[in-house]
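As a plain string of letters, each chain reads:
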Amino acid sequence: MAFLSTSLADLARLRDGVRRQRVSSYDVKGGNADWWDVAAGERKTLAELDGPGVIAHIWMTMHSEDKHVLRRAVLRMYWDGETTPCVETPIGDFFGMGHAMCKDFWSMPLTMSPDRGRGFNSFWVMPFYTHARIEVENQAEAKLSLYFYIDYESHRALEPGLGHFHAQWRRENPTDGFGDKKPPSIVGIDKLREIWRTPNLDGKGNYVILEAEGKGHYVGCHLDIDCFEPDNNLWYGEGDDMIFIDGEPLPSLSGTGTEDYFNTAFCPSTEFSTPFHGIVLNSGGAHWRWGGKNTVYRYHVTDPIMFDKSIRVTIEHGHANNLSYDYSSTAYWYQTLPHAAFPMLPPPEARLPRE
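Nothing here was measured: the structure is a model prediction, and the numbers come from that model.

Calculation notes
- Residues numbered from 1 in each chain as written.
- Predicted model: local features only at pLDDT ≥ 70, side-chain atom pairs only at ≥ 80, totals over all residues.
- Heavy atoms only, no water.
- Pairing = 2+ DSSP bridges.
- Helix = DSSP H or I, 4+ residues; strand = E, 2+ residues; numbered from the N terminus.
- Salt bridge = Lys/Arg side-chain N within 4 Å of Asp/Glu carboxyl O.
- Buried < 20%, exposed > 50% of the residue type's maximum accessible area, 1.4 Å probe, protein only.

Draft legend 1. Spatial organisation of the sheet that holds strand S16 (residues 241–245). If you trace the four strands from one edge of the open sheet to the other, you get S14-S22-S16-S17, paired in antiparallel fashion. Looking at strand neighbours, the two that pair on one side only are strand S14 (207–213) and strand S17 (253–254), the edges of this open sheet. Note that S16 and S17 share two bridges and pair antiparallel. Following the sheet pairing, isoleucine 243 is matched in S17 by leucine 253.

Draft legend 2. Quick look at the pattern of salt bridges. In the structure shown here, the tally under the stated rule is 24 salt bridges. Between aspartate 115 and arginine 116 there is a salt bridge, with the nearest N and O atoms lying 3.5 Å from each other. As far as the burial class goes, aspartate 115 and arginine 116 line up, both exposed. With its nearest N and O atoms 2.7 Å apart, the salt bridge here joins aspartate 326 to arginine 171. Of this pair, aspartate 326 sits in strand S23 (residues 326–335) while arginine 171 sits in strand S13 (residues 164–172), and the two are 155 residues apart along the sequence. When salt bridges that share partners are traced, they join Arg43, Arg76, Glu88, Arg133, Glu135 and Glu137 into one network.

Draft legend 3. Representation of the pairing of strand S12 (residues 144–155). Where burial is concerned, most of S12 is hidden: 10 out of the 12 residues are buried. As paired elements, strand S1 (residues 18–24) and S12 share seven bridges and run antiparallel to each other. Paired with arginine 19 across the strands is serine 154, a residue of S12. Judged from the three bridges that link them, strand S2 (residues 36–38) and S12 form a sheet pairing that is antiparallel. Bridge pairing in S12 places tryptophan 36 opposite leucine 146. The pairing of strand S4 (residues 53–64) with S12 spans 11 bridges and is antiparallel. Within the sheet, the bridge partner assigned to valine 54 lies in S12 and is glutamate 153.

Take a look at the structure:
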């Protein structure tokens, strides 16, 4: 059966054996207490769904006295009997924005809607054949009040061979940079050119956005960079993306710079949103255009990157990895089950943004 959540051109096609359903936090007594409380330290299941089915949309908003709840609370999803999560990310990062922040932006698969980005939406399509489970763990230091919709389709049958949706969060804080930490005005152009001549063909030392095993396709990421060192006012965007497919020793997809992979150009600092790429956050000012916290995204909706055995998605932190900044990311992909074990999610204190 075909998904209902498809393109405008496909909306007129009628389907049999499909029904729209929802799980939400609505007040079952008919009042207005339309949220679920998740106590500090509590792990709560939001939805247990029998298949076959397809999750088409997730909406959430939340409140907590813990200002870092978006990094402390963890969202997990399990498909078709997997015992380890196929999705495991801080709850805010899942919806497209890092740094334990929310902010108005839009893309095709993910949005944060007004007011101040507090309405979180995911339109990633998530098929399952037998069972789906979605849960939240509140690792914050205060109660989490969570409002949510999980809109899904129940199907009489699904076509075989569909990939399962996955998402994974990573962080390297700080990255291990080799370069001089002084700005170009002090280092001098000759030193900067020496750094730029340093070769990196095999991706050694690159920041890793995703490593996965199986057959599938990578559909993008958002990258969150905190340029936290005020004396190191170097542009972060000289780092090239390098994507390794099916165990190849050298990348078959090599890029020309961080801003280029995220479909911008020439050291941008303008916040900007499109369906598939954008700059959600730029915290720099006149003194240091890219200083502080930055978030950029690239979603491969029309150009997914396929793999038969494995994929390794990486990006340099500065040219040849010369910069020491705080990098984190959330990667999204589809693949066969079972999946390889995820890296252990760091404890809450290691996920917090720099102050």
